[in-house]
Amino acid sequence: MSNSLIIATRESRLALWQAEHVRTLLQQRLGAEVHLLGMTTRGDQILDRTLSKVGGKGLFVKELETALEEGRAHLAVHSLKDVPMVLPEGFTLAAILEREDPRDAFVSNQYDNLDTLPQGALVGTSSLRRVVQLRALRPDLRIEPLRGNLDTRLRKLDEGQFDAIVLAAAGLKRLGLGQRIRSVFDEKQMIPAAGQGALGIEVRSDNAALIGQLAGFIDRPTWLATIAERAVSRALGGSCSMPLAAHASWQGAELHIDVLIGEDVADGGARQPLRAQLQAAVTDEAQAEALGAQAAQALRQQGADGYLGAAH
């Protein structure tokens, strides 16, 4: 393997932090010379529509994959929750790093938490998953789309466009903005997205030498937990147009997974989200995949297929 590596990354402040973090690890552990290739993706460019309307999370990774395919970069660093559940042929996730805080954060300049928001308060979020869970918790709230990078979202809050916004706690903490978090949602109150808080390293699947080098970067507990989470979404055909949540956590040798599927109905007249919780002893990838598939099946037994139809 060449001792010089290029990381393809989005150019948002958070994406660059993540790429710099991986660059430091590569330099420390492999003694590699590492450069960044900053790129603007379609997901960064289209800010006037929700992701579910313009092609989903893959919009944040496609340009980076093109750079890998053309040999302009060797690896791409992603927020794992932005990575589609099925990668295009020729690409693989070589490593998933130790997870940061996976929870959702309540951010407001006036209110301490969701319960203290007044009737009809305006909350911003770009995530259908958060919308259906917020509606279940507080049906009276007005919820509006909030796009843009982290700094843009915080600026909109500070300008008074929203009473509160909901963001991933991990991104705020990574950028040293943890003080903006007024409270965090318990993982069972607001189930996170599959892979939330974890970083994934994507490479070409034919680059066996690099895959071997990156194997040492895998955080095994996070790897197995996120495999289970992503298996839920894959089993249900998960995309940005589906309000789907999946979060797995360890209790000893057992992996516990909480899952939820909701209905995206713009007028707010949606059915209540369906939930399931399962656990199993998990020691390898196959068992993690099986737990995720079982969780998806538990949602199907409650009628998830009717919700899936509404999402397409």
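Residues take numbers from 1 onward in each chain, read along the sequence in its written order. With pLDDT at 70 or above as the cut-off, local features in this predicted model cover only qualifying residues; side-chain atom pairs require 80 or more to be listed or tallied, and sums for whole chains, interfaces and linings still use all residues. Side-chain metrics rest on all non-hydrogen atoms present in the structure, leaving aside hydrogens and water.

1. Here's the deal with the packing of aromatic side chains
Right, so step 1: Side-chain rings of Phe, Tyr and Trp, where Trp is taken by its six-membered ring, are said to pair if the distance between their centres is within 6.5 Å; with planes under 30 degrees apart they count as stacked, over 60 as edge-to-face, and otherwise as tilted. Applying the stated criterion across every chain, the model contains 1 aromatic pair.
Right, so step 2: Note on Phe106 and Phe185: the rings are 6.4 Å apart at their centroids and 70 degrees apart in plane angle, and the pair reads as edge-to-face. One end of the pair, Phe106, is in strand 5 (residues 104–107); the other, Phe185, is in the loop between strand 9 (183–184) and strand 10 (199–204), with 79 residues separating them in the sequence.
Right, so step 3: The classification of residues rests on relative accessible area computed with a 1.4 Å probe and restricted to protein chains. Under 20% of the type maximum is buried, over 50% is exposed, and intermediate values are partly exposed. Given the relative accessible area of 1%, Phe106 is considered buried. Numbering of helices and strands runs from the N terminus, with a helix taken as a DSSP run of H or I at least four residues long and a strand as a DSSP run of E at least two residues long.

2. Quick notes on the sheet that holds strand 8 (residues 164–168)
Right, so step 1: Across the sheet, which stays open at both edges, the 5 strands sit in the order 7-6-8-5-9 with mixed pairing between neighbours. Strands at the two margins of the open sheet, each flanked by one partner only, are strand 7 (142–144) and strand 9.
Right, so step 2: Relative to strand 8, strand 5 runs antiparallel, the two sharing 4 bridges. When the sheet's bridge partners are listed, Val107 is paired in strand 8 with Ile165.
Right, so step 3: Across the face of the sheet, helix 5 (residues 128–137) comes into contact with strand 5, strand 6 (122–124), strand 7 and strand 8 while running at roughly 130 degrees to strand 8.
Right, so step 4: The contact definition used throughout considers only heavy atoms, calling two residues in contact when any of these lie within 4.5 Å. Angular values range over 0 to 180 degrees, each being the angle between N-to-C directions of two axes fitted as lines to C-alpha atoms, with helices fitted over their stretch in contact. Most of the contacts of helix 6 (residues 150–158) go to strand 8, to which it runs at about 165 degrees, and overall it touches strand 5 and strand 8. A strand pair is defined by DSSP finding two or more bridges across the two strands.

3. Quick word on the side chain of Asp101
Right, so step 1: With respect to the secondary-structure elements, Asp101 resides in the loop between strand 4 (91–96) and strand 5.
Right, so step 2: In protein, a polar contact requires one atom able to donate a hydrogen and another able to accept it; more generally it is a pair of N or O atoms within 3.5 Å, and residues adjacent in sequence count only if both atoms are side-chain atoms. Polar contacts involving the side chain of Asp101 include one to the side chain of Arg103, which spans 2.9 Å.
Right, so step 3: Within the local environment of Asp101, its side chain forms a polar contact with the side chain of Lys173, the two groups lying 2.8 Å apart.
Right, so step 4: Ignoring sequence-local partners within four residues, the contact set of Asp101 consists of Ala169, Ala170, Lys173 and Gly197.

4. Thoughts on the sheet that holds strand 2 (residues 33–39)
Right, so step 1: Ordered by their spatial adjacency, 5 strands build an open sheet running 2-1-3-10-4, and the pairing between neighbours is mixed. Looking at the sheet topology across the chains shown, the edges are occupied by strand 2 and strand 4. Averaged over all pairs of adjacent strands, the angle between their axes in this sheet comes to 30 degrees, without regard to strand direction.
Right, so step 2: Pairing between strand 3 (residues 75–79) and strand 10: 5 bridges, direction antiparallel. Across the sheet, the residue bridging to Val77 is Ile201, located in strand 10.
Right, so step 3: In the packing of helix 1 (residues 13–30) onto the sheet, the strands contacted are strand 1 (4–10), strand 2, strand 3 and strand 10, and the crossing angle to strand 1 comes to about 165 degrees.

5. Brief notes about the pairing of strand 10
Right, so step 1: When you tally the buried positions in strand 10, you get 5 out of 6 residues, the bulk of the element.
Right, so step 2: Where strand 4 meets strand 10, 5 bridges bridge the pair, whose relative direction is antiparallel. Bridge pairing links Phe91 to Arg204 in strand 10.

6. A few points about the confidence of the model for the protein
Right, so step 1: pLDDT expresses, on a scale from 0 to 100, how confident the predictor is about each individual residue. Averaged over all residues, the pLDDT of the protein is 90; the fraction at 70 or higher stands at 88%.
Right, so step 2: Low pLDDT (under 50) marks residues 45–57, which in the prediction has 22 contacts with non-local residues, meaning those over four places away or in another chain.

7. Some remarks on the pattern of salt bridges
Right, so step 1: Criterion for a salt bridge: a side-chain nitrogen of Lys or Arg within 4 Å of a carboxyl oxygen of Asp or Glu. Under the counting rule described, the total for this entry stands at 19 salt bridges.
Right, so step 2: As a salt-bridge pair, Arg72 and Glu70 come within 2.8 Å of each other at their nearest N and O atoms.
Right, so step 3: A salt bridge links Glu263 to Arg271, with the nearest nitrogen and oxygen atoms 2.7 Å apart.
Right, so step 4: Take Glu263: its relative accessible area is 10%, and that puts it in the buried class.

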